[in-house]
Amino acid sequence: MTVQIILASASPRRQELLDQIKVTYRVHPVDLDETPLPDETPVDYVQRLAAEKSAACTAQLGDSLPVLAADTAVVLGDLIMGKPKDRDDAVAMLRQLSGKMHRVYSAISLRGREHGQAISITEVTFRPLTESEIAAYWQSGEPLDKAGSYAIQGRGGVFVESLSGSFSGVVGLPLFETTELLSKQGIEFFK
Ligand SMILES: Cc1cn([C@H]2C[C@H](O)[C@@H](COP(=O)(O)OP(=O)(O)OP(=O)(O)O)O2)c(=O)[nH]c1=O
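Cut-offs and rules
Residues numbered from 1 in each chain as written. Predicted model: local features only at pLDDT ≥ 70, side-chain atom pairs only at ≥ 80, totals over all residues. Heavy atoms only, no water. Helix = DSSP H or I, 4+ residues; strand = E, 2+ residues; numbered from the N terminus. Rg over C-alpha atoms; globule rule 2.2 N^0.38 Å. Contact = heavy atoms within 4.5 Å. Areas by Shrake-Rupley, 256 points an atom, 1.4 Å probe, with all protein chains shown as cover. UniProt positions renumbered as here; feature names shortened; annotations may be inferred. Polar contact = N/O pair within 3.5 Å; in protein donor to acceptor, adjacent residues only side chain to side chain. Near = heavy atom within 4 Å. Buried < 20%, exposed > 50% of the residue type's maximum accessible area, 1.4 Å probe, protein only. Core = buried A, V, L, I, M, F, W, Y, C linked by side-chain atoms within 4.5 Å. Phe/Tyr/Trp six-rings, centres within 6.5 Å; stacked < 30°, edge-to-face > 60°.

A. Region of the structure containing the overall build of the chain. Each helix and strand counted, the chain has 6 helices and 7 strands in total. On C-alpha atoms alone, the chain measures out to a radius of gyration of 17 Å, which is about the 16 Å that the 2.2 N^0.38 rule sets for 191 residues. For the chain, the spread of C-alpha atoms along the principal axes amounts to about 50 × 35 × 25 Å. Long-range contacts, defined here as pairs at least 24 residues apart, represent 64% of the contacts in the chain between residues at least 6 apart. With the model as given, the accessible surface of the chain reaches about 9,300 Å², and the carbon-plus-sulfur share is 51%.

B. Region of interest: the UniProt feature "active site" (unreviewed entry) in the chain. UniProt tags Asp 71 as "active site" (unreviewed entry). Apart from the residues lying within four places of it in its own chain, the contact partners of Asp 71 are Arg 14, Glu 34, Tyr 45, Val 46, Leu 49, Ala 50, Lys 53, Tyr 105, Ser 106 and Ala 107. Within the structure, Asp 71 has its side chain in polar contact with the side chain of Lys 53 (distance 2.9 Å).

C. How the structure looks around the site of the ligand. Looking at the ligand, there are 20 residues lining it, with Ser 9, Ala 10, Arg 14, Lys 53 and Lys 83 nearest. In this structure, Ala 10 approaches the ligand through a main-chain N or O atom, which is 2.7 Å from an oxygen atom. Relative to its unbound accessible area of 600 Å², the ligand is 95% covered by the protein chains. Residue assignment for the shell around the ligand shows that the elements contributing at least two residues are helix H1 (12-20), strand S3 (67-76) and helix H5 (167-171).

D. Summary view of the side chain of Lys 53. With respect to the secondary-structure elements, Lys 53 resides in helix H2 (residues 42-61). Taking relative accessible area as the criterion, Lys 53 reaches 9% and is therefore assigned buried. Setting aside residues no more than four positions away along its own chain, Lys 53 makes contact with Ala 8, Arg 14, Val 30, Leu 32, Glu 34, Ala 69, Ala 70 and Asp 71.

E. The nonpolar core, seen in detail. Counting 38 residues, the largest nonpolar core has Leu 18, Leu 68, Phe 126 and Tyr 150 as the members making the most contacts within it. With sequence-adjacent residues up to four places away left out, Leu 68 is seen in contact with Ile 5, Ile 6, Leu 7, Ala 8, Leu 18, Ile 108, Ser 109, Leu 110, Leu 173 and Thr 178.

F. Spatial organisation of the packing of aromatic side chains. Here the structure, examined in full by the defined rule, presents 4 aromatic pairs. Aromatic side chains Tyr 137 and Phe 159 sit 5.0 Å apart centroid to centroid with 85° between the ring planes, which places their arrangement in the edge-to-face category. One end of the pair, Tyr 137, is in helix H4 (residues 131-139); the other, Phe 159, is in the loop between H4 and strand S7 (160-164), and 22 residues separate them in sequence. For Phe 159, a relative accessible area of 3% gives the class buried. One aromatic cluster in this structure is built from Phe 126, Tyr 137, Tyr 150 and Phe 159.

In structure tokens form, the structure reads like this:
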């Protein structure tokens, strides 16, 4: 099978979402410092990281194939939540998200014959969570590598009272925006 793009991501969710639209890819993750800059807005933050991931990958591999990268952050008010550092961090995030609406920002960057970028912003409302639920959820192992310490596609889905926006965007690769960027650069999907 001919490989169409490089996926600059270690996220298995992003691989599954690309499989869903039948794009063939090779995985080449890059590891970057994901600390927000002082006063950086959520839009600037996720767009910068997605662009830096695709740029780092292109710098390592060259530009013989288009490179796709993404970045996802959970945003509550002004607070940008990435992946939790440890149990306390995850518990603190889940307590803050409990009973409230937050936004999930997912940016994508595609470096092919040009550099294309897009962003998806989704509003997610959590029902109130109990302390024992939060403790059990941490024990499940699911929060560890997820922005905001939850996975809507997993056990964390039961916390979600409502959503307005893109489910695939929350999982880490917004499919509407991704297929738009792929089309603009002549990369086929569903082949
Ligand atoms: C909110 C939410 C996030 N996530 C995941 C998507 C991303 O993998 C992760 C956010 O971290 P990212 O830094 O966007 O991605 P990553 O570190 O997992 O992978 P890479 O940088 O190599 O591409 O959180 C879910 O799987 N489900 C959810 O409901």
